[in-house]
Amino acid sequence: DAKTTQPPSMDCAEGRAANLPCNHSTISGNEYVYWYRQIHSQGPQYIIHGLKNNETNEMASLIITEDRKSSTLILPHATLRDTAVYYCIVMMNTGFQKLVFGTGTRLLVSP
Amino acid sequence: DAGVTQSPTHLIKTRGQQVTLRCSPKSGHDTVSWYQQALGQGPQFIFQYYEEEERQRGNFPDRFSGHQFPNYSSELNVNALLLGDSALYLCASSLASSGQIQYTFGSGTRLTVV
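Residues numbered from 1 in each chain as written. Chains lettered and ligands numbered in written order. Predicted model: local features only at pLDDT ≥ 70, side-chain atom pairs only at ≥ 80, totals over all residues. Heavy atoms only, no water.

What about the state of the cysteines?
Tallied over the full model, the rule gives 2 disulfides over all chains. Linked covalently through their sulfurs, A:Cys22 and A:Cys88 form a disulfide whose S-S length is 2.1 Å. Residues A:Cys22 and A:Cys88 are joined through a disulfide that is left-handed, its torsion about the S-S bond being -80°. Separated by 66 residues along the polypeptide, A:Cys22 in strand 2 (residues 18-23) and A:Cys88 in strand 8 (residues 84-92) bring together distant segments of the chain. The partner cysteine of B:Cys23 in its disulfide is B:Cys91, sulfur to sulfur 1.8 Å. Judged by the sign of its S-S torsion, about -65°, the bond between B:Cys23 and B:Cys91 is left-handed. Of the two residues, B:Cys23 is situated in strand 3 (residues 19-24) and B:Cys91 in strand 9 (residues 87-94); the sequence distance between them amounts to 68 residues. Accessibility assignment for this pair places B:Cys23 and B:Cys91 in one class, buried. (Disulfide = S-S within 2.5 Å. Helix = DSSP H or I, 4+ residues; strand = E, 2+ residues; numbered from the N terminus. Buried < 20%, exposed > 50% of the residue type's maximum accessible area, 1.4 Å probe, protein only.)

Take a look at the structure:
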């Protein structure tokens, strides 16, 4: 079973920030928080990951709470192409790991 | 830089038949994982291959088997197909020694069992 809880769906206006929450209250100290997204009819795409510090890359920012029990993925200026299912996954970062997908959050970006 | 390539993109099979799906990993990657995604659900892990050996396996019956070749490409075989095997089959590759796991997925093979 997935170790994360996400809202099933969210809406966002184009050009606005999309903030996608994720709860992972049972995360262990050596587990990272990963975010992937899946655009319709494509394979999942890696977005970002982090351990305890906030992270930013060209796609998004990841904010992890101090107790690490929850996190938020931020798409700063959402576009129509960001419409997708977003998956939050906790996983160790070494060795042979598998991605355990939950149901994710379906983000709809509208004009 | 080629990403993960899967073939075929679509496939229709009859119950009881056998099917083989193929995956070429991203250049530089040496580990291949397979996932099954039923309609409306998240992908489910089938198994993972590294150095031509199955490293871990999800909760799938023995009808699902795989292979990895010396060039790191991989095959997924499903025997005695059931209607419930209809799904999108995704291949993901990664580099075992990278120190930070990032999976690259292919676009998948859509299998329909009739």
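So, the interface of chain B and chain A
Listed by partner, the interface residues are 23 residues for chain B and 20 residues for chain A. With both sides pooled, the region where chain B packs onto chain A buries about 1,700 Å², and carbon together with sulfur makes up 55% of that total. Interface area lost by chain B to chain A is led by B:Ile101, B:Tyr103 and B:Phe105, which between them contribute 32%. If you look at where chain B meets chain A, you find 0 salt bridges. Per-element tally for the side of chain B that touches chain A: the top contributor is strand 5 (residues 44-50) of chain B, with 4 residues. (Contact = heavy atoms within 4.5 Å. Buried area = accessible area lost by both parts, 1.4 Å probe. Salt bridge = Lys/Arg side-chain N within 4 Å of Asp/Glu carboxyl O.)

Points about the packing of aromatic side chains
Under the criterion given, the structure shown has 11 aromatic pairs over all chains. When the centroid spacing of 5.0 Å and the interplanar angle of 45° are considered together, the rings of A:Phe96 and B:Tyr50 count as tilted. Here A:Phe96, found in the loop between strand 8 and strand 9 (105-110), pairs with B:Tyr50, found in strand 5, and the two come from separate chains. Assessed through its relative accessible area of 31%, A:Phe96 is described here as partly exposed. When the centroid spacing of 5.1 Å and the interplanar angle of 70° are considered together, the rings of B:Phe60 and B:Phe64 count as edge-to-face. Assessed through its relative accessible area of 15%, B:Phe60 is described here as buried. Exposure remark for B:Phe64: the relative accessible area of 2% places this residue in the buried category. (Phe/Tyr/Trp six-rings, centres within 6.5 Å; stacked < 30°, edge-to-face > 60°.)

Focus: unusual backbone geometry
Residues other than glycine predominantly adopt negative phi, and peptide bonds predominantly adopt the trans conformation. Residue and element names in this part refer to chain B. In this structure, Pro8 follows Ser7 across a cis peptide bond, with omega equal to -10°. Relative to the assigned elements, Pro8 resides in the loop between strand 1 (5-7) and strand 2 (10-13). At Glu51, a position not held by glycine, the phi torsion is positive, near 50°. Within the fold, Glu51 resides in the loop between strand 5 and strand 6 (53-57). In this structure Glu51 comes out as exposed when scored by relative accessible area, which is 52%. Look at Tyr72: it is not a glycine, yet its phi comes out positive at around 80°. Relative to the helices and strands, Tyr72 is located in the loop between strand 7 (64-68) and strand 8 (74-78). The exposure class assigned to Tyr72 is partly exposed, which follows from its relative accessible area of 40%.

Here's the deal with the pattern of salt bridges
Residue and element names in this part refer to chain B. Enumeration according to the criterion identifies 6 salt bridges over all chains in this entry. Put simply, Arg55 and Glu51 hold a salt bridge, and the shortest N to O gap is 3.4 Å. With a relative accessible area of 34%, Arg55 lands in the partly exposed category.

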